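Chain residues, written in single-letter form:
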Amino acid sequence: MEYGHDRICSGDIPLNSPRTSATPHFARRDGFTLLEVLVTMTIIAILAAIAMPVLNRVRENARDTICRNNLRQIGTGLQQYSTRMNYLSSGAWDWKRDGAVTEVGWVADLVRQGTRVGDLLCPSSKLDVSKVYAELLTMDPTANTCADSIGGKDQTLPDGSILVNPCRAIGAAASDTAKADLIRDHLLLKGYNTNYAAGWFLVRGDVVLDDLGDLVNSKPGCSKSPRERSCTTGPLPLARVTSSKAPSSMVPIMGCAGVAENPLHMLTVKIEEHESGEFLADSYTIGPRDKTTLKAPVITGSGTGMKRWFAGWNDTLQDYRGWAPQHFGETSCNLLFLDGSVQNFMDQNEDRLLNNGFPASSETGFTSDAVELPEALVFSKWSLDPARVR
């Protein structure tokens, strides 16, 4: 029966009955409207868009700090080595030009004195493996007459076990897979790796010239280039540091590496987590080049001795294209200097190179003449010998 108005008024039905509540009754809502959801999502998207650049900047600042600390630790290791050997290193980490990479080169020096260089990688770089690994996979060490790529003999330990010379074993391996396994076990897992490139002064010191100003290679049949160890005085001695033309705070000796030059720019076989086709880090910078052509200097003087070649070699600059910007969206590069300091330099024109005074051209890769490694901060002359440089 319907409750009529008269019955309510007569008191038959209580005034507080749920059917007769004095307050309006609204249906309970179980969710949000589409409009409310869209507004909420829009607000979240706006907040995320504002926060992401800040978070990315924080992450990259952390990576940059790790990179700087790694370079400082490498610098400390080089100084420790120099106190024992009077040289900052035993040379470049280069199987073809310097020899067995577990015995020779700055990486081997530091690993053998307890610093696992492979744990000190630039965290911003996409290059996680040195080009040395490609050399180990592709080169025949027995055919290399320009350096001792085989290294020392295997050793018999007191318990009768054999300590294998890794470079000998890798060179004798029957397949790429076997080589990759040996590289993993004897190099990668033991800290022999880097994605930093050494500076030419650290590993080559100075060029050796004849009276006509031409490079002299002490090993017959080997190519003549400032990158060849046998065309230079070799790794930098402590004595040259103190008598240098430039302050130690201006001489760069290590930096974030760029992609290695062809044909050793890719890994050809998978090694542990590193896939075939992965790009590789360069080993060290190229050395002095003609400041106009970026080629070997042209000697045009007359006579013999310094009178003939002085002007030609002094018209060169260090070719630092072995270093590349890896930080903050590949716009800046960290460099370690002789005094142990680490400085950051910006790639102003975004050509992924650091120009120290070379002209722009399609051959050089520089897209503008903008100087990103200024002479007042970075020494770019061809020699540290004050008698050779004007």
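This one's a predicted model, so the numbers in the text were calculated from it and none came from an experiment.

A. Highlighting the state of the cysteines. All told, the structure shown has one disulfide when counted by the stated rule. Cys 146 shares a disulfide with Cys 222; S-S distance 2.0 Å. Because the sign of the S-S torsion sets the handedness, a value of about -110° for the bond joining Cys 146 and Cys 222 places this disulfide among the left-handed ones. Of this pair, Cys 146 sits in the loop between helix H4 (132-138) and strand E1 (155-156) while Cys 222 sits in the loop between helix H7 (200-204) and helix H8 (238-242), and the two are 76 residues apart along the sequence. This cysteine, Cys 231, is not joined by any disulfide, and Cys 222 carries the nearest cysteine sulfur, 8.2 Å off. Residue Cys 231 is classed as buried on the basis of its relative accessible area of 0%.

B. Highlighting the confidence of the model for the protein. The pLDDT averaged across the protein works out to 89; a share of 91% of its residues lies at or above 70. Counting interchain partners and residues more than four positions distant, the pLDDT-below-50 stretch residues 1-5 has three contacts. Of the regions scoring below 50 in pLDDT, residues 17-21 engages in four contacts with residues more than four places distant in sequence or in other chains.

C. The nonpolar core, seen in detail. Within the largest apolar cluster, 77 residues are counted, with the highest numbers of intra-cluster contacts made by Trp 93, Trp 106, Tyr 133, Leu 187 and Met 254. Formed by five residues, the second largest nonpolar core is a distinct cluster that contains Leu 294, Leu 317, Leu 353 and Phe 358.

D. Representation of the side chain of Asp 109 within the structure. Of note, Asp 109 is situated in helix H3 (residues 106-112). For the buried Asp 109, no salt bridge exists, and the shortest N-O distance to an oppositely charged side chain is 6.5 Å, to Arg 112. Not counting residues within four places of it along the chain, the set of residues in contact with Asp 109 comprises Tyr 81, Ser 89 and Ser 90.

E. View of the pattern of salt bridges. Scanning the model with the defined rule gives 18 salt bridges in all. Put simply, Arg 63 and Glu 60 hold a salt bridge, and the shortest N to O gap is 3.3 Å. With Arg 63 and Glu 60 both in helix H2 (residues 34-85), this residue pair falls three residues apart, about one helical turn. Looking at Arg 63, the relative accessible area reads 32%, which means it is partly exposed. The class of Glu 60 is buried, set by a relative accessible area of 9%.

F. Up close: the sheet that holds strand E8 (residues 342-346). As summarised here, the arrangement of the four strands in space is E3-E4-E7-E8, forming an open sheet in which the pairing is antiparallel. Looking along the sheet, the strands with just one partner apiece sit at the ends: strand E3 (196-198) and E8. For this sheet, the mean inter-axis angle between neighbouring strands, taken without regard to orientation, is 30°. Relative to E8, strand E7 (residues 332-337) runs antiparallel, the two being bridged by five bridges.

G. Structural detail: the packing of aromatic side chains. Taken as a whole, this structure holds seven aromatic pairs when the rule is applied. A ring pair is formed by Trp 313 and Trp 382, whose centres lie 5.3 Å apart and whose planes are at 35°; its orientation type is tilted. Of the two residues, Trp 313 is situated in helix H9 (residues 306-314) and Trp 382 in the segment after E8; the sequence distance between them amounts to 69 residues. Pair check on accessibility: Trp 313 and Trp 382 agree, each one buried. A ring pair is formed by Phe 337 and Phe 345, whose centres lie 6.2 Å apart and whose planes are at 50°; its orientation type is tilted. Here Phe 337 and Phe 345 have matching classes, each one buried. Seen from the ring of Tyr 284, Arg 227 lies directly overhead, with NZ or CZ sitting 4.3 Å from the centre.

H. Broad picture of a nonpolar patch on the surface. A contiguous nonpolar patch, built from Leu 35, Val 39, Ile 43, Ile 46, Leu 47 and Ile 50 and spanning about 600 Å² of accessible area, is present on the exposed surface. Its place among the elements puts Ile 43 in helix H2. Its relative accessible area of 47% is what places Ile 43 among the partly exposed residues.

Cut-offs used in this document
Residues numbered from 1 in each chain as written. Predicted model: local features only at pLDDT ≥ 70, side-chain atom pairs only at ≥ 80, totals over all residues. Heavy atoms only, no water. Disulfide = S-S within 2.5 Å. Helix = DSSP H or I, 4+ residues; strand = E, 2+ residues; numbered from the N terminus. Buried < 20%, exposed > 50% of the residue type's maximum accessible area, 1.4 Å probe, protein only. pLDDT = per-residue confidence, 0-100. Contact = heavy atoms within 4.5 Å. Core = buried A, V, L, I, M, F, W, Y, C linked by side-chain atoms within 4.5 Å. Lys, Arg positive; Asp, Glu negative; His and termini not counted. Salt bridge = Lys/Arg side-chain N within 4 Å of Asp/Glu carboxyl O. Pairing = 2+ DSSP bridges. Axes fitted to C-alpha atoms, helices over the stretch in contact; angles between N-to-C directions. Phe/Tyr/Trp six-rings, centres within 6.5 Å; stacked < 30°, edge-to-face > 60°. Lys NZ or Arg CZ within 6 Å of the ring centre and 35° of its normal. Patch = residues over 30% accessible without salt bridge, like charges linked within 9 Å, V, L, I, M, F, W, Y side chains within 5 Å. Areas by Shrake-Rupley, 256 points an atom, 1.4 Å probe, with all protein chains shown as cover.

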